[in-house]
Amino acid sequence: MALDPVSALFEIGGKVLDRVLPDPVQQAAAKLELMKLQQNGELTQIAGQMEINKVEAASSSIFVSGWRPAIGWICGAGFAVQFVIGPLAEWGSSLAGHPVKFPTMDTGTMMPLLLGMLGLGGLRTAEKLQDKASK
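Residues numbered from 1 in each chain as written. Predicted model: local features only at pLDDT ≥ 70, side-chain atom pairs only at ≥ 80, totals over all residues. Heavy atoms only, no water.

Here we come to the overall build of the protein chain. From N to C terminus, the protein chain includes six helices and zero strands. Shown N-terminal to C-terminal, the secondary structure of the protein chain runs as helices and strands in the order α-α-α-α-α-α. Contacts in the protein chain between residues at least 24 apart in sequence constitute 42% of all its contacts with a sequence separation of at least 6. A total accessible area of about 10,200 Å² is found for the protein chain, and carbon and sulfur atoms account for 68% of it. (Helix = DSSP H or I, 4+ residues; strand = E, 2+ residues; numbered from the N terminus. Contact = heavy atoms within 4.5 Å. Areas by Shrake-Rupley, 256 points an atom, 1.4 Å probe, with all protein chains shown as cover.)

If you want it as C-alpha cells, here you go:
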C-alpha cells in the first residue's frame, strides 16, 4: 500500500469498486471517475479532510471533538420530538380535554443528516463487532 494518503485512497477505492461492481464495464466507468477525482484534486481534498477528522476526534477539548456527537444528539432529539413526544403529547392533551397542536419541524433537512450519521454509526459498530476498529 502506498504511503501517500491520496494514492492509498485511490488504491482502496479501486479495490472497493472491484468488489462492489461485478460488471467489468461498470468497474471501468467507476475507476475512470475515480481517476478524474484524483486528477482534479478532489481526492486530495477528501484525504485531507480525513486527516482533519482524525485530529479533531483525538482532541481532548469538547468544543473540537464534541461537535459531531452534539449534532447527533440534536438530530436525535428533533426526531424524538417530531415522531414520538409530539404525537403522544397531542394525544394526551386531547384526552385531557385541552388539545394542543405541536408545531411541525422541517424534517427534510434533518433526516438526511440523521440517517447519514446512523449509517456511519452502524459501520463503526460493525467494525467493533469484527474486532477491526482502531482503539
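What follows deals with the side chain of Q82. Position of Q82 relative to the elements: it lies in helix 5 (residues 67-95). Of the polar contacts made by the side chain of Q82, one reaches the backbone nitrogen of M105; its length is 2.8 Å. Leave out the neighbours within four places in its chain, and Q82 touches P87, P103, T104, M105 and T107. (Polar contact = N/O pair within 3.5 Å; in protein donor to acceptor, adjacent residues only side chain to side chain.)

All right, on to helix 5 then. For helix 5, built from 29 residues, the straight-helix expectation of 42 Å at 1.5 Å per residue is met to within 8% by its first-to-last C-alpha distance of 40 Å. Approximately 45 degrees is the largest bend angle found in helix 5, and it occurs at V81. Those residues of helix 5 that sit buried are C75, G78, Q82, G86 and S93. Looking one or two places after helix 5, you find G97, whose phi comes out positive at around 90 degrees. (Expected span 1.5 Å × (residues − 1). Bend = angle between axes of the 7 residues up to and from the residue. Buried < 20%, exposed > 50% of the residue type's maximum accessible area, 1.4 Å probe, protein only.)

The subject of this paragraph is a nonpolar patch on the surface. A surface patch of nonpolar side chains, amounting to about 730 Å² of accessible area, comprises F79, F83, V84, I85, L88, W91 and L95. By the secondary structure assignment, I85 is in helix 5. Of the residues examined, I85 reaches a relative accessible area of 46% and is grouped as partly exposed. (Patch = residues over 30% accessible without salt bridge, like charges linked within 9 Å, V, L, I, M, F, W, Y side chains within 5 Å. Salt bridge = Lys/Arg side-chain N within 4 Å of Asp/Glu carboxyl O.)

With that settled, the discussion passes to the side chain of S93. With respect to the helices and strands, the residue S93 is situated in helix 5. The exposure class assigned to S93 is buried, which follows from its relative accessible area of 14%. Discounting residues that sit within four places of it in the chain, S93 has contacts with H98, P99 and V100.

Another aspect to go through is the confidence of the model for the protein chain. On average, the protein chain scores 75 in pLDDT, and the residues at 70 or more come to 67%. Element-level mean pLDDT values for the protein chain span from 63 in helix 1 (residues 5-20) up to 88 in helix 5. (pLDDT = per-residue confidence, 0-100.)

Here we come to the packing of aromatic side chains. In the structure shown here, the tally under the stated rule is one aromatic pair. For the pair F79 and F83, a centre-to-centre distance of 5.0 Å together with 50 degrees between the ring planes defines the contact as tilted. Of this pair, F79 and F83 both sit in helix 5, four residues apart, which is roughly one turn of that helix. With a relative accessible area of 43%, F83 lands in the partly exposed category. (Phe/Tyr/Trp six-rings, centres within 6.5 Å; stacked < 30°, edge-to-face > 60°.)

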